[in-house]
Amino acid sequence: MTSRIQSATPGEHQGEQATGQAPYPTGVGSVSGRQNGREGRASLDELHETARRIAANVERVLVGKPDVIRIALVTLLAEGHLLVEDVPGVGKTSLAKALARSIDCTVSRIQFTPDLLPSDVTGVSIYNRQSGEFEFRPGPVFANIVVGDEINRASPKTQSALLECMEEHQVTVDTSTYHLEEPFMVIATQNPIEMEGTYALPEAQRDRFTARVSIGYPDQQAELAMVDEHAGHNPLADLEPVSDRESVQRLIETVRSVHMSPEIRRYAVDLVAATRQVPEIRLGASPRATLQLVRAARAQAALSGREFVVPDDLHTVAVPVLAHRMVLTTEAHAARRSATDVVRAILHRVPVPQGSNHR
């Protein structure tokens, strides 16, 4: 039921997005990690170069979708998890595999099926007759990047096995707690159209995904390029890592250090709070969503070459971070309003902090 798609040196034990930007920035700063006061931190130049290599590698597989790739990079650098939701055949699993293979770290893949058990995900304790003790056999979740294919085909009982992993980066089995490797990221795919034999993700599960993206159909030119390049050859077969676990961890440290002024922090809180006051929403975004929005905005700022967050960073990541967390009312569904529409309306309604200096 599980298979390794790549093995490397182990560690230690949107709805919709339309930014119009390239998956990596065109200009960066030059402040080093040592100048910032922490040795384990990369410079913005290093972050730019690493992000450029990863994005170019993924673009070899997913042609013509730079905005989707950028959100995937934002999620990785924000220490989050990515939900890829779209119709069959648009490259959901290819995106997940390409991002995983672009980083030289431990990777595992889980094909979610109705008969999958929680122990098939987290691992199980097995009795050793020679030692007379139980030994823990780790499951596929013990990897830096876990690719969960068609996550909504597993039962809610099995889906719940990921709750502790995604939030606390640990697994508890038989009263024993095992910490997961760092960095840790879950990339899950699901098909929202074909609902036969599937189980809708519960709100607690969806809320643990930092961002949701929909890939969508490619334009004709991108699809023609895909036919020319991919029809006789699978680009995933030759995809080589362009970064490693240690480098990604250094980039994450850089993102953590990106400055967010009190005004921008207040603006982020106001945006999330507004989702709880709109009459079209039955369940608004949680405080966890506020934290994820802030982390994603910091990653977006770093990818844009800045050491500080501006309102545009929050606007760029608001839809993929917030839309999938909200539950609309029956009236909103009847009026054919989507969560994406509601988030965009909130962005237009909530006042933007005034002033050009957000340092």
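Everything numeric in this text was worked out from a predicted model, so none of it was measured.

Undergrad: I would appreciate a short explanation of the overall build of the chain in the present structure.
TA: Assigned secondary structure in the chain consists of 15 helices and 14 strands. Taken over 359 residues, the chain has a buried fraction of 54%. Taken as a whole, the chain presents about 16,300 Å² of accessible surface, with 49% of it coming from carbon and sulfur.

Undergrad: Sorry, what's going on with the pairing of strand β8 (residues 170-173) here?
TA: Regular strands have side chains that alternate between both faces of the sheet. In the sheet, β8 pairs with strand β9 (residues 176-179) via 4 bridges, with the strands oriented antiparallel. Each bridged residue has a counterpart across the sheet, and for Val-173 the counterpart in β9 is Ser-176. Where β8 folds back on β9, the antiparallel hairpin that results is connected by 2 residues, among which Asp-174 adopts a positive phi of roughly 55°.

Undergrad: Would you mind showing me how to read unusual backbone geometry here?
TA: It is generally the case that most residues other than glycine have a negative phi and that most peptide bonds are trans. The omega torsion across Glu-182 and Pro-183 is -5°, close enough to zero to call that bond cis. On the secondary structure map, Pro-183 appears in the loop between β9 and β10 (185-190). The phi torsion at His-169 lies on the positive side, around 55°, for a residue other than glycine. Here His-169 lies in the loop between α7 (163-168) and β8. For His-169, a relative accessible area of 15% translates into the label buried.

Undergrad: Where do I start with the packing of aromatic side chains in this structure?
TA: Between two aromatic rings, the relevant description is the distance of the centres plus the angle of the planes. Taken as a whole and assessed by the stated rule, the structure comprises 3 aromatic pairs. Note on Phe-136 and Phe-142: the rings are 5.7 Å apart at their centroids and 65° apart in plane angle, and the pair reads as edge-to-face. Ring geometry for Phe-136 versus Tyr-178: centroids 4.1 Å apart, planes at 10°, classification stacked. Taken as a pair, Phe-136 in strand β6 (residues 133-138) and Tyr-178 in strand β9 lie far apart in primary sequence, 42 residues in all. In textbook terms, an aromatic cluster arises when at least three aromatic residues are bridged by ring pairs, as seen for Phe-136, Phe-142 and Tyr-178.

Undergrad: Explain helix α2 (residues 44-59) to me, please; I cannot follow it from the model alone.
TA: Since there are 3.6 residues in each turn of an α-helix, residues three or four apart along the chain are aligned in direction. Compared with an ideal rise of 1.5 Å per residue, which puts 16 residues at 22 Å, α2 spans 22 Å between its outermost C-alpha atoms and is within 8% of the ideal. Taken together, the buried positions of α2 are Leu-44, Leu-47, His-48, Thr-50, Ala-51, Ile-54, Ala-55, Asn-57 and Val-58. If you follow the buried residues of α2, they end up packed against α3 (66-77), α4 (92-101), β3 (103-104), β12 (243-244), α10 (245-256) and α12 (287-303).

Undergrad: I would appreciate a short explanation of empty space enclosed by the protein in the present structure.
TA: Where empty space is left becomes clear once a probe the size of a water molecule has been rolled over the atoms. Size it by volume and the largest cavity reaches roughly 90 Å³. Looking at the largest cavity, it is lined by 14 residues, and the ones nearest its centre are Leu-76, Pro-183, Phe-184, Met-185 and Ile-252.

Undergrad: It is not clear to me how α10 should be interpreted in this structure. Could you clarify?
TA: Its 12 residues place the ends of α10 17 Å apart at the C-alpha level, agreeing with the 16 Å of an ideal helix rising 1.5 Å per residue. Among all positions in α10, only Arg-245, Ser-247, Val-248, Leu-251, Ile-252, Glu-253, Thr-254 and Val-255 are buried. Buried residues in α10 make contact with α2, α3, β3, β12 and α12.

Undergrad: Would you take a moment to explain the layout of surface pockets for this structure?
TA: Looking at the largest pocket, its volume works out to about 300 Å³. As for the largest pocket, its lining consists of 19 residues, of which Leu-62, Gly-89, Val-90, Gly-91 and Met-226 are closest to the centre. Per element, the largest residue contribution to the lining of the largest pocket is 4 residues, and it comes from helix α9 (residues 220-230). The residue inventory of the lining of the largest pocket, partitioned by class, reads 11 nonpolar, 6 polar and 2 charged.

Undergrad: Before we go on, may I ask you to explain the pattern of salt bridges in this structure?
TA: Oppositely charged side chains can pair when the atoms bearing their charge come close. Enumeration according to the criterion identifies 15 salt bridges in this entry. With a shortest N-O distance of 2.7 Å, Arg-325 and Asp-207 are connected by a salt bridge. Placement of Arg-325 in the loop between α13 (311-322) and β14 (327-328) and of Asp-207 in the loop between α8 (203-206) and β11 (211-213) is noted, with a sequence separation of 118 residues between them. In this structure Arg-325 comes out as buried when scored by relative accessible area, which is 0%. For Arg-306, the salt bridge identified is with Asp-313, shortest N-O distance 2.7 Å.

Undergrad: I keep staring at the environment of Leu-44 and nothing clicks. Help me out?
TA: Along the chain, Leu-44 turns up in helix α2. Residue class for Leu-44 comes out buried when judged on its relative accessible area of 3%. The spatial distance from the C-alpha of Leu-44 to the C-alpha of Arg-306 is 7.9 Å, given a sequence separation of 262 residues.

Undergrad: Can you help me understand the packing of helix α11 (residues 262-274) against α13 in this one?
TA: Two quantities define a packed helix pair, namely the angle between the axes and the distance from one axis to the other. Relative to each other, α11 and α13 sit at 30°, their axes nearing to 11 Å. Here α11 is positioned roughly parallel relative to α13, judged by the angle of their axes. Pair α11 / α13 crosses with right-handed handedness. For the pair α11 and α13, contact is made by Ile-264, Tyr-267, Ala-268, Leu-271 and Val-272 and by Pro-311, Leu-314, His-315 and Leu-322, respectively. Considered class by class, the residues forming the contact of α11 with α13 number 8 nonpolar, 1 polar and no charged.

Undergrad: Sorry if this is basic, but what is going on with the confidence of the model for the chain here?
TA: Close inspection of predicted coordinates is inappropriate in any region flagged by low pLDDT. Summarising the model, the chain shows a mean pLDDT of 85, and 87% of its residues fall at 70 or more. Scored below 50 in pLDDT, residues 1-39 shows 110 contacts in the model against residues more than four places distant or in partner chains.

Undergrad: Whenever I open this one, the environment of Arg-109 confuses me. Can you help?
TA: Assignment of secondary structure puts Arg-109 in strand β4 (residues 107-111). Judged by its relative accessible area of 14%, Arg-109 falls in the buried class. When the C-alpha positions of Arg-109 and Asp-149 are compared, they lie 7.4 Å apart, and in sequence the two are 40 residues distant. Reaching out from Arg-109, the side chain makes a polar contact with the side chain of Gln-111 at a distance of 2.9 Å.

Quick notes on the rules
- Per chain, residue numbering runs from 1 following the sequence as it is written.
- The model is predicted, so local features are restricted to residues of pLDDT at least 70 and side-chain atom pairs to those at 80 or more, both for listing and for counting; the totals for chains, interfaces and linings are taken over all residues.
- By convention in this description, side-chain values take in all heavy atoms of the structure and omit both hydrogens and water.
- Only runs of H or I of at least four residues qualify as helices and only runs of E of at least two qualify as strands under DSSP, and these elements are numbered from the N terminus.
- Here the term buried applies to any residue with accessible area under 20% of the maximum for its type, exposed to any over 50%, and partly exposed to those in between, with areas from a 1.4 Å probe on protein chains only.
- All accessibility values rest on the Shrake-Rupley procedure with a 1.4 Å probe; residue burial counts only the protein chains present in the view.
- Any two strands between which DSSP finds at least two bridges are classified as paired.
- Planes of paired rings set the category: under 30 degrees apart is stacked, over 60 is edge-to-face and the rest tilted, where pairs are Phe, Tyr or Trp rings (Trp by its six-membered ring) whose centres lie within 6.5 Å.
- Residue count minus one, scaled by 1.5 Å, sets the expected span of a helix.
- Throughout, a residue-residue contact means that at least one pair of heavy atoms, one from each residue, lies within 4.5 Å.
- Points on a 1 Å grid, built from protein atoms alone, make a cavity when a 1.4 Å probe fits but cannot get out and make a pocket when they are open with protein on both sides within 12 Å along at least 5 of 7 lines; residues with an atom within 4 Å of a point are the lining residues.
- Grid points are joined across faces, edges and corners, and a volume is the space filled by probe spheres set on the points.
- Each residue is assigned to one of three groups, with Ala, Val, Leu, Ile, Met, Phe, Trp, Tyr, Cys and Pro labelled nonpolar, Asp, Glu, Lys and Arg labelled charged, and all others, Gly among them, labelled polar.
- The term salt bridge refers to a pairing of a side-chain nitrogen on Lys or Arg with a carboxyl oxygen on Asp or Glu at a separation within 4 Å.
- In this analysis an axis means a line fitted to C-alpha atoms, helices contributing only their contacting stretch, and an angle means the value between N-to-C directions, from 0 to 180 degrees.
- Angular relationships are summarised with four words: roughly parallel below 35 degrees, roughly antiparallel beyond 145, roughly perpendicular across 65 to 115, and oblique for the angles in between.
- The handedness criterion is simple: a crossing whose near helix is rotated anticlockwise from the far helix by less than a right angle is left-handed, and one whose near helix is rotated clockwise is right-handed.
- Residue-level confidence of the predictor, termed pLDDT, takes values from 0 up to 100.
- Here a polar contact is recorded for every N or O atom pair within 3.5 Å, except that within protein the pair must consist of a potential hydrogen donor and a potential acceptor, and residues adjacent in sequence are included only if both atoms are side-chain atoms.

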